[in-house]
Structure formats: C-alpha cells, structure tokens
Amino acid sequence: MSDIETPYMNINKVADYFKVSVSTIRKWVHSGQIPADTYLNIGEVHRFRLDDVEAALTAASKEAQVSASITTINDGE
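Reading the values: the criteria
Residues numbered from 1 in each chain as written. Predicted model: local features only at pLDDT ≥ 70, side-chain atom pairs only at ≥ 80, totals over all residues. Heavy atoms only, no water. Buried < 20%, exposed > 50% of the residue type's maximum accessible area, 1.4 Å probe, protein only. Helix = DSSP H or I, 4+ residues; strand = E, 2+ residues; numbered from the N terminus. Arc of directions from axis to C-beta. Core = buried A, V, L, I, M, F, W, Y, C linked by side-chain atoms within 4.5 Å. Contact = heavy atoms within 4.5 Å. Phe/Tyr/Trp six-rings, centres within 6.5 Å; stacked < 30°, edge-to-face > 60°. Pairing = 2+ DSSP bridges. Axes fitted to C-alpha atoms, helices over the stretch in contact; angles between N-to-C directions.

Student: Explain helix 2 (residues 22-31) to me, please; I cannot follow it from the model alone.
Tutor: Residues spaced three or four apart along an α-helix point in a common direction, a consequence of the helix completing one turn every 3.6 residues. Inspection of helix 2 places Ile25, Trp28 and Val29 among the buried residues, and these make up the whole buried set. For helix 2, the buried positions fall inside an angular range of 100° around the axis, keeping them on one side. Among the exposed residues of helix 2, those pointing more than 90 degrees away from its buried face are Lys27 and His30. Downstream of helix 2 by one or two residues, glycine 32 has phi in the positive range, about 90°.

This is the structure in structure tokens:
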C-alpha cells in the first residue's frame, strides 16, 4: 500500500488534536459546531480537514465570546 498524503484525518486523530473524546467530536458534528464543509462523510466514516475544523471552532469561539460580552454589557445597564 502506498503512503499517500491527504489533508483528511480520521475522527480519532481530530479528537487527540483537540484533546477531547471521539464522542465529543461526534456531538460537535451533529450540533453543527463542526460544519459539514470541513469533513467528508461516507456512511458512518468521517474524514476531517483539520485546518478547516480548527478555523470553524476558533470562529465559533470568538463569536460566543463577543456575544457573551455584549450580554454582560447589556445586563449592566
């Protein structure tokens, strides 16, 4: 078998990278926190583009922080 370079990683490697469980990655996929355009899905098998997943999660985290800041400011009025 040849060693073909691919930008796609299996779910175990993604879970290891983010230091979470595989079930957490599955929850993130199901809830949309990991967008469908960041992975391939064939049956029950997922292959993820790690850079795209990381970018999506980072953007979502920043958006949540901004939203929380706005809520805190509005609650203080």
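Student: Would you mind going over the nonpolar core with me for this structure?
Tutor: Burial of nonpolar side chains together is a common tendency in soluble globular proteins. Among the nonpolar cores identified, the biggest contains 11 residues, and these are Ile11, Val14, Ala15, Ile25, Trp28, Val29, Ile34, Tyr39, Phe48, Val53 and Leu57. Other than its neighbours up to four places away in sequence, valine 29 contacts Ile34, Tyr39, His46 and Phe48.

Student: What's the story with the packing of aromatic side chains in this structure? I'm lost.
Tutor: Here a ring pair, both rings aromatic, is described through the centre-centre distance and the interplanar angle of the planes. Inspection of the entire model under this criterion finds three aromatic pairs. Where tyrosine 17 meets phenylalanine 18, the ring centres are 5.0 Å apart and the plane angle is 90°; that geometry is what we call edge-to-face. Measuring from centroid to centroid gives 6.4 Å for phenylalanine 18 and tryptophan 28, while their planes differ by 75°, and the two rings are edge-to-face. You can see phenylalanine 18 sitting in helix 1 (residues 11-18) and its partner tryptophan 28 sitting in helix 2, a full 10 residues away along the chain.

Student: Just to check I follow, could you spell out the sheet that holds strand 1 (residues 8-10) for this structure?
Tutor: Backbone-to-backbone hydrogen bonds pair the strands of a sheet. The strands run either parallel or antiparallel. Strand order in this open sheet of three strands is 1-3-2, and the pairing throughout is antiparallel. Strands with a single pairing partner mark the edges of an open sheet, and in this sheet they are strand 1 and strand 2 (39-42). Going across the sheet, the axis of each strand differs from the next one's by a mean of 30°, ignoring polarity. In this structure, strand 1 lies alongside strand 3 (residues 45-49), joined through three bridges in antiparallel fashion. Note that in strand 3 the partner of asparagine 10 across the bridge is arginine 47. Taken strand by strand, helix 1 contacts strand 1 and strand 3, and its axis lies near 90° from that of strand 1.

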